[in-house]
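Chain and residue survey
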Amino acid sequence: MKSQTQKNMEEKIFINRLILGDNLSQMKKMESESVDLIYLDPPFFSNRNYEVIWGDEGEVRSFQDRFSGGVEHYIAWLKERVLEMHRILKPTGSIYLHCDYHADAYIRVNILDKIFGAENFRNHIIWCYSGPSNGNMKMFPKKHDSIFWYSKSKNYMFNNDKIRIPYKELHSDKGVKSIIFGSNGILQNESMRKEYIERGKLPFDWWDDFPSGGHISPKERIGYPTQKPEALLERIIKASSNEGDIVFDPFCGGGTTLAVAVKLNRRWIGIDQSVAAIAVTEARLRGNRSVDFNKIRSTQKIKGRAIDANLFNPDSVVFTVEKYKYDYEELRYSEAFEFESFIVQQDGGYSNSKQRGDNGIDGHYPDRTPIQVKRSEKIVRDVVDRFRTAVERDLGKVEFQKCIEEKRRCGTIIAFSFGKGIIEEVARLKNQDGIIIDLKRVDEIVSIAKRPNVSINIEKAEKMEKGGKSFWRLEFSAHAGDSSIELFQWEVDVDEKSSGERVLNDRGGIYSFDFSEGEHKVCVKAITSDGITGEEVLKFHVNGKVEVEEKKEGRKV
Ligand SMILES: C[S@@+](CC[C@H](N)C(=O)[O-])C[C@H]1O[C@@H](n2cnc3c(N)ncnc32)[C@H](O)[C@@H]1O
């Protein structure tokens, strides 16, 4: 929960953060000079369909933002974000901005030179790749991206020994082995050769040793065209940060930078405006790497096979996921003291450092006004009487009296909702005794939303045969009432071995799977456009027929 993050930030304990939101507004909340390395891979200025990767509300909004004008508009959109990045970056830090021919010249001259200074330009890295091209085109096929590396100052880090690569050895016609240095190839004597081979060489500023989108190994592939290879991020992160440093990706997409940061023992912060991107990244970081990307893009049913990926399984990646709105149930049933401190801080107050009895004071506004937070609905009249006593004790008789004389508020009670009795009592205290007590609802302080109510149905069940084996093909549909759902995530216990490792994403809420005889479980999570998740589990038994268990008892298909 965010309160934990804030508490930890206050105590200077860093917890990795995955944030749903527009990076501009999110970065404005971040501390200056707080991150060591920034890698950004913003949508390029191509105005092409593939720029919309996830196709959800947040991303489409961002797409429209960028393209409501020409390239100047795009540059202005990016520039205000890079300005924030400059503020957030530590003086020893570096930024790597990934782009392509559509806007690279504008970005270097009009953004990076202006904000970071031409003197802090370190490299223009060319990432070359290959891929299909049209043999009849009247130009050379464009097969590279640009990555601009700038440091914030002259005092920057470059861990050259961490990124060395082997020299290429050439065998000449006469059987002489040589090592290539730069482009002119110098033959070395045997002892030097050994020394150089052991040490390895620095990669040049053109990189051709990483696969691009379609060629990324199935192990790490999430399946969308602009996914970057982990090896590329590995080189950048190793070169310009150390273990324990904070790596920040403000356009984190499917979470490549964050996944690599985890592997390399860096701390991280990632932001993306798309609910789907955050959901996919969250699953990836939790070690669930199966994503059927086609299904994310389409609202129709697509038969595509899920891409199975098991890149790594971090045992303990601790991170918070921060959404647009707060989940009502998560807040309402969270640990009482944590909830109270969180709400007090969100309302601009200071929470008590120690937990007290429920009738006590949970915090103060900066002007010392006492605050009491209740985690319940429909607070009743008695609460106000006890609060009045607590306030008098907390402020002292003299100050309490002064509040009344000066017609100032004596205290504030915060709760999810208030009953009629307490509202009447607060009005009576004000009118008869001049005691002003504020009643404030939690939703006046933080935006909250209720979880979608999810249900799963089996739409079709068909017994099938393949290669002499019989199995059941079931089609499921997920529903979430009136909630506007950005993404459904399915976890299907297809067989015992894959249980819990597969997360399949789709937009349409329909999925088909094959089952052998036995007990099975299908879990679906529905994520709203606010990022709030509702969940439902369906257990069933396949044994000559399909029998749904538990909640939908006795229902037979
Ligand atoms: C090219 S992708 C990043 C891909 C990423 N490097 C990876 O390998 O997975 C760009 C991402 O920027 C996100 N995005 C676009 N505008 C944004 C904004 N204003 N704030 C935050 N994220 C944004 C998109 O949703 C998309 O996921």
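Small disclaimer: the values here were computed from a predicted structure and weren't measured. Residue positions are counted from 1 within each chain, in the order its sequence is given. Where totals are concerned, whole chains, interfaces and linings use all residues; where local detail is concerned, this predicted model gives features only for residues with pLDDT of at least 70, and gives and counts side-chain atom pairs only at 80 or more. Excluded from the side-chain calculation are hydrogens and water; included are all heavy atoms of the structure.

Points about a nonpolar patch on the surface
Applicable threshold: Patches in this entry comprise residues that are over 30% relatively accessible and not in a salt bridge; like charges within 9 Å are linked, as are nonpolar side chains (Val, Leu, Ile, Met, Phe, Trp, Tyr) within 5 Å. To measure how exposed things are, a 1.4 Å probe is used in the Shrake-Rupley method; for residues, cover is taken only from the protein chains shown. One speaks of a salt bridge when a side-chain nitrogen belonging to Lys or Arg is within 4 Å of a carboxyl oxygen belonging to Asp or Glu. Here a strand is any run of E in DSSP of at least two residues, a helix any run of H or I of at least four, and the numbering for each starts at the N terminus. Per-residue accessibility, obtained with a 1.4 Å probe over protein chains only, is compared with the maximum for each type, and a residue is labelled buried under 20%, exposed over 50%, and partly exposed between these values.
Taken together, the side chains of Tyr-156, Phe-158 and Leu-202 define a hydrophobic patch exposed on the protein surface, amounting to about 230 Å² of accessible area. Looking at where Tyr-156 falls in the secondary structure, it is placed in the loop between β5 (144-151) and β6 (169-171). Residue classification places Tyr-156 among the partly exposed residues on the basis of a relative accessible area of 33%.

Brief notes about the environment of Glu-475
Looking at the element boundaries, Glu-475 is found in strand β20 (residues 469-479). In this structure Glu-475 comes out as buried when scored by relative accessible area, which is 11%. Separated by 14 residues in sequence, Glu-475 and Ala-461 have C-alpha atoms that sit 6.5 Å apart.

Some remarks on the nonpolar core
For clarity, the cut-off: Here, nonpolar core refers to any group of buried Ala, Val, Leu, Ile, Met, Phe, Trp, Tyr and Cys residues whose side-chain atoms link them within 4.5 Å.
In terms of nonpolar packing, the biggest core is built from 37 residues, with Tyr-96, Leu-232 and Trp-268 touching the most fellow members. Of all the secondary-structure elements, those providing two or more residues to this core are β1 (16-20), β2 (35-40), β4 (121-128), β5, α7 (230-240), α8 (256-263) and α9 (275-285). Per element, the largest residue contribution to this core is seven residues, and it comes from α9. With 33 residues, the next largest nonpolar core counts Tyr-74, Leu-97, Phe-148 and Phe-248 among its residues.

With respect to the pattern of salt bridges
One pass over the full model with this rule turns up 30 salt bridges. Measuring nitrogen to oxygen at the nearest pair gives 3.9 Å for the salt bridge that ties Glu-491 to Lys-525. Pair noted here: Glu-491 is in strand β21 (residues 485-492) and Lys-525 is in strand β24 (residues 518-528), with a separation of 34 residues, a long-range link. Because the salt bridges share partners, they merge into one network encompassing Asp-22, Glu-80 and Arg-81.

Quick notes on the environment of Gln-489
Position of Gln-489 among the secondary structure elements: in strand β21. By relative accessible area, which is 10% here, Gln-489 ends up buried. Each C-alpha atom, one on Gln-489 and one on Val-524, is 5.5 Å from the other, the two residues being 35 residues apart in sequence.

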